[in-house]
Structures are given as C-alpha cells and as structure tokens.
Amino acid sequence: MKDLGTYAANTWCPGCGNFAILNAMKSALNALHDEGLPTEKIVLVSGIGCNSKIVDYINTNSFYSLHGRVFPAATGIKVADPALTVIGHAGDGDAYGEGIEHLIFAAKRNVDITAIIHDNRVYGLTTGQYTPTSPLGYKGRSTPFGTTEMPINPLELMLASGATFIARGTSHGLDLLKRLFKEAILHKGFSIVDVLQVCVTYYNMYEYYDKRVYEMTDHDSADFDKAMARIREWDYNTDAKIPLGLFYRRGAPTYEADFPAADEGGMSRDEKIKKLLAEAA
Ligand code: SF4
C-alpha cells in the first residue's frame, strides 16, 4: 500500500476513531488507483471539526471549506470538472447541523459526489457539546443536565431526500469501511456513508457499539421500503441492534450530466463558462 501520507503532524487524540477512517480511505484510494482511478483525479473536501483535518493527512488534492459548507463546495468542484472524483468529509455537527440543508440538496440533485460523515455524535473540536445525533439525555458542555431533544436519524432523512447510495460503518470495523468507501466512491450519483466514529475523549462509545452492531447479510438494497425499515431498526437513541452495511442503492441521472459537455459546440468548458459570464455581465 502506498503511504499517501503528508508532512502534517497528526493532532488527533490517541485512540480517536478518525484514525480508522483515515486508514480506510487511504486503502480505498490505493485500491482504486490500482484499478485505474489516478489519485491525482481525486479531490477531498472538508469543513470544520476534528474530522476535517483528514484532508491534511492524505496526499491528494484537497480543499478546506467552511463549517457546514462541504457539500456545496464539493458540488461546485464536480460541476466545474466532472472528470474529478470528489469526496466530502464532514462531521455530524458539520453535515447534520450547520449544513443539513446542503446535504439534503446534494442528495436531491443526485450530484456525483461522496459524503463520508464522521458521526461521533458530539462536537469534539469545541470540547463536547451535543449534536443532532447525540442521544436524548446526553450530558456535555452545553447540556450539563442532559439534552431534552431526540436525535435525528440522518439516514432516514437521506433516503427521503433522494440519496442513491446509503450505507453505515463504524470506526471499529476497518474491512467493512474500506469496502463501503470504495463502493460509495465508484457509485454514479450521490453516495453517503455514515460512520459511527468514536470520540474517545468526549463520547467514548466503543463498548456500546461493539455490543450492538451487526453486518446485514440478507438485505435487499434495491428496495426502498426495505431500506427504510432497516434504517429505522435503530433510531440513534434506543438500545436496539445497529445494522451496518449498504442500505440502499439505485441508478439515476446525475446533476452534472445535464451541464454542457466539454466539447459541445466546439468550445471547451472553460471557454463556455467565460462566454456565459461575459454574456451575463
Ligand atoms: Fe477524536 Fe474526540 Fe479527540 Fe477530536 S476530541 S480528535 S474526535 S477523540
């Protein structure tokens, strides 16, 4: 495996679940490279949070966006150059809180990008506030007596919003993560992998997840209703078993496919954009 490492010093806490996501992503990119997808055609996009540092630790093209703005930035990159493979990394606070409307529209448009959500169910970088996926009663910096809100089920929302590839893994399951990342990146359309990533410092859920997760083996991922039923087995709050793997996949036209082709009308994409801008000025 090529290292794909960088000179940046890693500042994650020892034992943080982000390390598993980093290793799984490097592995997936290496496997894809060996199958003909050059690493220089990959762009990683991140926002703000512990997770977002991942773009500093992988030696490929990357773009730091703003908090909650990973997916509009990723969409813009994909539309500007559809030949690129664009992967957005965001945390649960970033994607399901600050940027939830952008995530919904990325799914609705079926833009051909991949969303990897580092879902540790807490704001780790700002030392432990609750997020949209924290369970009822979570005690943290901003809720010392426990939250009074039910968490959202983000994958239910993604399925309802039109996402064409929906999966879940954990930071204690490297092999599954590698497979899901690779499949999500290869999927033509909007793909999302929610990773139950443990924050060892502010919300250590390793034991909780280890007792509850199981990998689906008998699921029909082409069936919308069955996907919804599997997604609803666990609501990010109860003590039910937690299914992992691919919930849903379908083919559908992608957003950027409707934009003018690069060679249409004898003009390059850049020339067309310049012409459109000149006409609009
Ligand atoms: Fe990881 Fe939590 Fe430390 Fe952030 S605070 S690096 S999420 S363990």
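A few points on the structure.

Criteria and cut-off values
Residues numbered from 1 in each chain as written. Predicted model: local features only at pLDDT ≥ 70, side-chain atom pairs only at ≥ 80, totals over all residues. Heavy atoms only, no water. Salt bridge = Lys/Arg side-chain N within 4 Å of Asp/Glu carboxyl O. Helix = DSSP H or I, 4+ residues; strand = E, 2+ residues; numbered from the N terminus. Buried < 20%, exposed > 50% of the residue type's maximum accessible area, 1.4 Å probe, protein only. 1 Å grid on protein atoms, 1.4 Å probe; cavity = no way out; pocket = protein on both sides within 12 Å on 5 of 7 lines; lining within 4 Å. Points joined across faces, edges and corners; volume = space filled by probe spheres on them. Nonpolar A, V, L, I, M, F, W, Y, C, P; charged D, E, K, R; others polar. Near = heavy atom within 4 Å. Arc of directions from axis to C-beta. Polar contact = N/O pair within 3.5 Å; in protein donor to acceptor, adjacent residues only side chain to side chain. Pairing = 2+ DSSP bridges.

What to know about the pattern of salt bridges
And then number 1: Going through the model one piece at a time under the given rule, you end up with 13 salt bridges.
And then number 2: Across the pair Arg69 and Glu98 runs a salt bridge, and its minimum N-O distance is 4.0 Å. Of this pair, Arg69 sits in the loop between strand S2 (61–64) and helix H2 (70–80) while Glu98 sits in helix H3 (residues 92–98), placing them 29 residues apart in sequence.
And then number 3: Owing to a relative accessible area of 38%, Glu98 belongs among the partly exposed residues under this scheme.
And then number 4: A salt bridge links Arg230 to Asp218, with the nearest nitrogen and oxygen atoms 3.3 Å apart. With Arg230 in helix H8 (residues 224–231) and Asp218 in the loop between strand S7 (213–215) and H8, this residue pair connects regions lying twelve residues apart in the sequence.
And then number 5: The exposed category is assigned to Asp218, whose relative accessible area is 59%.
And then number 6: When salt bridges with common partners are traced through the structure, they connect Lys78, Asp112 and Lys188 into a single cluster.

A short note on the layout of surface pockets
And then number 1: Each pocket or cavity is described by its volume, and for the largest pocket that value is around 210 Å³.
And then number 2: Lining the largest pocket are 18 residues, and of these Ile48, Gly49, Cys50, Tyr123 and Gly124 sit closest to its centre.
And then number 3: Of all the elements, H3 adds the most residues to the lining of the largest pocket, at three residues.
And then number 4: Residue composition of the lining of the largest pocket, by class: five nonpolar, eleven polar and two charged.

Some remarks on the site of the ligand
And then number 1: In the vicinity of the ligand, the contacting residues are Trp12, Cys13, Cys16, Cys50, Asn120, Gly124, Gln197, Cys199, Val200, Thr201 and Tyr202.
And then number 2: Residue composition of the shell around the ligand, by class: seven nonpolar, four polar and no charged.

Focus on H8
And then number 1: Here H8 has its buried residues at Ala227, Met228, Arg230 and Ile231. The arc enclosing the buried residues of H8, seen along the axis, measures out at 165 degrees, which places them on a common side.
And then number 2: Where H8 begins, the side chain of Asp223 points an oxygen toward the backbone nitrogen of Asp225, at a separation of 2.9 Å.

Examining the pairing of strand S3 (residues 85–91)
And then number 1: Most of S3 is tucked away, with seven of its seven residues classed as buried.
And then number 2: Judged by which residues are buried, S3 turns out to be covered on both faces: Thr85, Ile87, His89 and Gly91 on one side and Val86, Gly88 and Ala90 on the other are all buried.
And then number 3: Of the pairings in the sheet, the one linking strand S1 (residues 42–46) to S3 comprises five bridges and is parallel in character. Looking across to S3, one finds that Val45 is bridged to Gly88.
And then number 4: Where S3 lies against strand S4 (residues 113–119), six bridges are found, and the strand directions are parallel.

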